[in-house]
Amino acid sequence: MAGPSEKKEKVAKVKVATAGTSGKKKKDVKKETGLGLSVKKDENFGEWYSEVCKHEMIEYYDISGCYILRPWSMAIWEIMHTFFDAEIKKMKVKNCYFPLFVSPGVLEKEKDHIEGFAPEVAWVTKSGKSDLEVPIAIRPTSETVMYPYYSKWIRGHRDLPLKLNQWCNVVRWEFSNPTPFIRSREFLWQEGHTAFATKEEADEEVLQILELYRRIYEEYLAVPVVKGMKSENEKFAGGLYTTSVEAFIPNTGRGVQGATSHCLGQNFAKMFEINYENEKGETAMVWQNSWAYSTRTIGVMIMTHGDDKGLILPPKVASVQVVVIPVPYKDANTQGIFDACVATVSALSEAGIRAEEDLRDNYSPGWKYSNWEMKGVPLRIEIGPRDLENDQVRTVRRDNGVKEDIPRGSLVEHVKELLEKIQQNMYEVAKQKREACVQEVKTWDEFIEALNKKKLILAPWCDEEEVERDVKARTKGETGAAKTLCSPFEQPELPEGTLCFASGKPAKKWTYWGRSY
Ligand code: 87F
């Protein structure tokens with residue numbers, strides 16, 4: 001039996017059929033049918049993003065800043081999880097699970113770095129109707145949860161390195177504008193926490209992990225990122241240095257921190273007394289790292305690739321890579337077409353391609369096309385009477401709309417090739433769009449002009465904290481202040497005598513600046 005929403009859609013289908021003749025406006029059609037988006041990406045990005053997310057990625061929840069991840073988005077998270085989990089296991093990282101709750105005592109221990117974050121920590125204060133004797137915090141991150149046990153478990157040099165990771169949720173009670181995936185009060189992530197005998201080992205791991213984050217973005221999500229070093233102002237205050245991968249959203253002109261890999265140095269080792277006896281029998285302190293990527297990755301992917309028809313999913317993370325749709329005409333051999341669809345899906349599935357047929361008889365082929373386009377499935381296969389006759393299928397790419405008729409004999413090879421091409425093309429297009437936004441500036445005036453044009457600004461900088469604070473203060477406005485995103489590891493040449501765009505002092509490095517999420 002049809003559920004309530006299915007019933008609504010059946011009614012909707014009738015309305016679509018009449019919409020053209022009755023001259024209804026596009027927006028009305030959208031409301032009645034759920035077909036198409038009511039806003040364009042370039043016209044109202046915020047509304048566009050929210051609509052795209054609602055098409056099966058996310059359901060809004062009755063607590064602000066909390067979202068339901070529906071199977072369509074959770075599948076993407078799982079694919080990234082499978083990749084990353086296997087990679088860190090190759091690096092001998094082991095998975096574990098620590099509790100969600102933090103006692104106020106340990107949280108306090110970390111006072112210095114927690115200070116700025118304190119307003120975002122959520123607390124449990126009651127059980128039933130009675131107040132808890134001691135309120136309990138919900139983890140916003142797990143340093144304070146884990147490190148007391150690192151202190152207990154690490155005794156001698158043979159206990160090192162200790163490399164643990166956990167896949168979990170964290171809660172940060174944000175007050176600024178919540179956005180699905182990008183800024184939510186609860187989110188999923190992995191957090192890695194490692195301890196080494198030497199700084200060299202820690203340094204090396206920071207970059208190995210950062211490379212995995214680059215691969216998640218570039219190879220899986222087809223989103224170009226910049227690897228680099230965070231400024232003193234923007235690094236994790238509890239650590240020694242922070243590296244990140246940074247993405248950029250051309251439509252809003254905002255940078256977005258994609259993931260971070262920190263070298264914590266020995267700060268936490270001091271606070272939590274994580275000591276060990278080295279080979280010479282002396283007491284030494286460990287060197288630590290921590291690193292994380294979260295469900296924010298999915299938001300960055302949606303913002304990067306989506307268009308006016310909806311989502312566009314990169315084949316490597318799409319839970320359905322190919323959808324097969326029958327296109328029967330009145331007197332056509334409907335059963336034959338349906339059989340060909342099922343056979344096509346079987347052949348593709350056997351070859352390891354994630355394919356599904358859509359044989360629903362209560363929707364027209366056109367409705368299905370729009371619906372799967374909205375959901376972002378990378379490749380559509382249509383099979384109609386003519387295809388059956390010619391022993392071929394028609395493929396339609398979601399990324400560029402290109403159609404092709406391919407013989408059923410070479411279906412699998414063709415589809416594999418197409419999916420690779422789509423993945424590659426999505427990355428290239430995103431990279432070109434980002435490159436078109438990069439603006440090199442040398443002076444303050446050029447900087448302000450570029451900022452107003454929503455550019456990703458590359459500027460020579462003196463690398464002084466005070467100057468970054470000053471830039472923030474001078475650019476403060478409704479849309480947020482500009483700050484450093486990162487200093488790219490790949491530095492363009494900095495000619496002798498180049499001056500800082502903001503302070504006029506000698507520049508030390510090229511740094512990316514912009515507004516950010
Ligand atoms: C919010 C509330 C309390 C970020 C917070 O990046 C504490 C924090 O410590 C907090 N927001 N942070 C920084 C997290 C640093 C670090 N933790 C492990 C990572 C990677 C994974």
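Residues numbered from 1 in each chain as written. Predicted model: local features only at pLDDT ≥ 70, side-chain atom pairs only at ≥ 80, totals over all residues. Heavy atoms only, no water.

Considerations on the packing of helix H11 (residues 334–350) against helix H14 (residues 411–435)
Argument step 1. Relative orientation of the contacting elements H11 and H14 amounts to 65°, with a least axis distance of 10 Å. Judged on the interaxial angle alone, H14 and H11 are roughly perpendicular. Crossing of H11 over H14 shows right-handed handedness. Here Thr344, Ala347 and Leu348 of H11 come into contact with H14, specifically with Leu411, Val412 and Val415.
Argument step 2. Looking at the contact of H11 with H14, its residues break down into five nonpolar, one polar and no charged. (Axes fitted to C-alpha atoms, helices over the stretch in contact; angles between N-to-C directions. Helix = DSSP H or I, 4+ residues; strand = E, 2+ residues; numbered from the N terminus. Parallel < 35°, antiparallel > 145°, perpendicular 65-115°, else oblique. Left-handed = near helix turned anticlockwise from the far one by under 90°. Contact = heavy atoms within 4.5 Å. Nonpolar A, V, L, I, M, F, W, Y, C, P; charged D, E, K, R; others polar.)

Concerning the sheet that holds strand S17 (residues 379–383)
Argument step 1. Sheet architecture is open: five strands sit in the order S16-S15-S17-S18-S19, paired in mixed fashion. Two strands lie at the open edges of the sheet, namely strand S16 (355–357) and strand S19 (403–407), each paired on one side alone. For this sheet the average axis-to-axis angle between neighbouring strands, irrespective of direction, equals 25°.
Argument step 2. Relative to S17, strand S15 (residues 322–326) is paired through five bridges, and the arrangement is parallel. Residue pairing for S17: Ile325 is matched across the bridge by Glu382. (Pairing = 2+ DSSP bridges.)

What to know about the pattern of salt bridges
Argument step 1. Enumeration over the complete set of coordinates arrives at 30 salt bridges.
Argument step 2. Of the charged contacts, one joins Asp358 and Arg360 as a salt bridge, the two residues approaching to 2.9 Å between their closest N and O atoms.
Argument step 3. In this structure, the salt-bridge partner of Lys421 is Glu417, at a minimum N-O distance of 3.6 Å. Note that Lys421 and Glu417 are positioned in helix H14 at a spacing of four residues, about one turn of the helix. (Salt bridge = Lys/Arg side-chain N within 4 Å of Asp/Glu carboxyl O.)

What about helix H8 (residues 199–220)?
Argument step 1. In a regular helix each residue adds 1.5 Å, so 22 residues correspond to 32 Å; H8 covers 31 Å between its end C-alpha atoms and thus fits that length.
Argument step 2. Two residues or fewer past H8, Ala222 is found with a positive phi of approximately 55°. (Expected span 1.5 Å × (residues − 1).)

Remarks on the confidence of the model for the protein
Argument step 1. Residue-level pLDDT values for the protein average 93, and 93% of them are 70 or greater.
Argument step 2. Here helix H1 (residues 4–22) is the element of the protein with the lowest mean pLDDT, 37, and H8 is the one with the highest, 99.
Argument step 3. This stretch, residues 1–24, has a pLDDT under 50; its non-local contacts, to residues over four places away or in other chains, come to 18 contacts. (pLDDT = per-residue confidence, 0-100.)

Some points on the site of the ligand
Argument step 1. The ligand sits among 17 residues. The nearest are His113, Phe117, Thr141, Glu143 and His262.
Argument step 2. Measuring from an oxygen atom of the ligand, one finds a side-chain N or O atom of His262 at 2.7 Å.
Argument step 3. In the complex, the protein chains occlude 94% of the 470 Å² of accessible area that the ligand would expose alone.
Argument step 4. Counting residues per element, the ones that place at least two in the shell around the ligand are helix H6 (111–114), strand S8 (186–196), strand S11 (254–265) and strand S14 (287–294).
Argument step 5. The element contributing the most residues to the shell around the ligand is S14, with three residues. (Near = heavy atom within 4 Å. Polar contact = N/O pair within 3.5 Å; in protein donor to acceptor, adjacent residues only side chain to side chain. Areas by Shrake-Rupley, 256 points an atom, 1.4 Å probe, with all protein chains shown as cover.)

Regarding the packing of aromatic side chains
Argument step 1. Inspection of every chain in the model, using the stated rule, returns 29 aromatic pairs.
Argument step 2. Between Trp77 and Trp167, the aromatic rings sit 6.0 Å apart at their centres with planes inclined by 80°, giving edge-to-face as the arrangement. Placement of the pair is Trp77 in helix H4 (residues 71–90) and Trp167 in strand S7 (residues 162–171), with a sequence separation of 90 residues. The same class applies to Trp77 as to Trp167, namely buried. (Phe/Tyr/Trp six-rings, centres within 6.5 Å; stacked < 30°, edge-to-face > 60°. Buried < 20%, exposed > 50% of the residue type's maximum accessible area, 1.4 Å probe, protein only.)

Focus: the packing of helix H3 (residues 45–54) against helix H10 (residues 296–305)
Argument step 1. Interaxial distance between H3 and H10 falls to 11 Å at its minimum, and their mutual angle equals 115°. Pair H3 / H10 crosses with right-handed handedness. On the side of H3, the interface is formed by Phe45, Trp48, Tyr49, Val52 and Cys53, while H10 contributes Gly299, Ile302 and Met303.
Argument step 2. Residues of the contact of H3 with H10, tallied by class, amount to seven nonpolar, one polar and no charged.

Side note on the sheet that holds strand S6 (residues 130–138)
Argument step 1. The three strands lie next to each other as S4-S6-S5, forming an open sheet whose pairing is antiparallel. Only two strands of the sheet have a single neighbouring strand rather than two, namely strand S4 (101–102) and strand S5 (123–127).
Argument step 2. Looking at chain direction, S5 and S6 are connected through four bridges and run antiparallel. Among the inter-strand pairings, Lys126 is bridged to a residue of S6, identified as Asp131.

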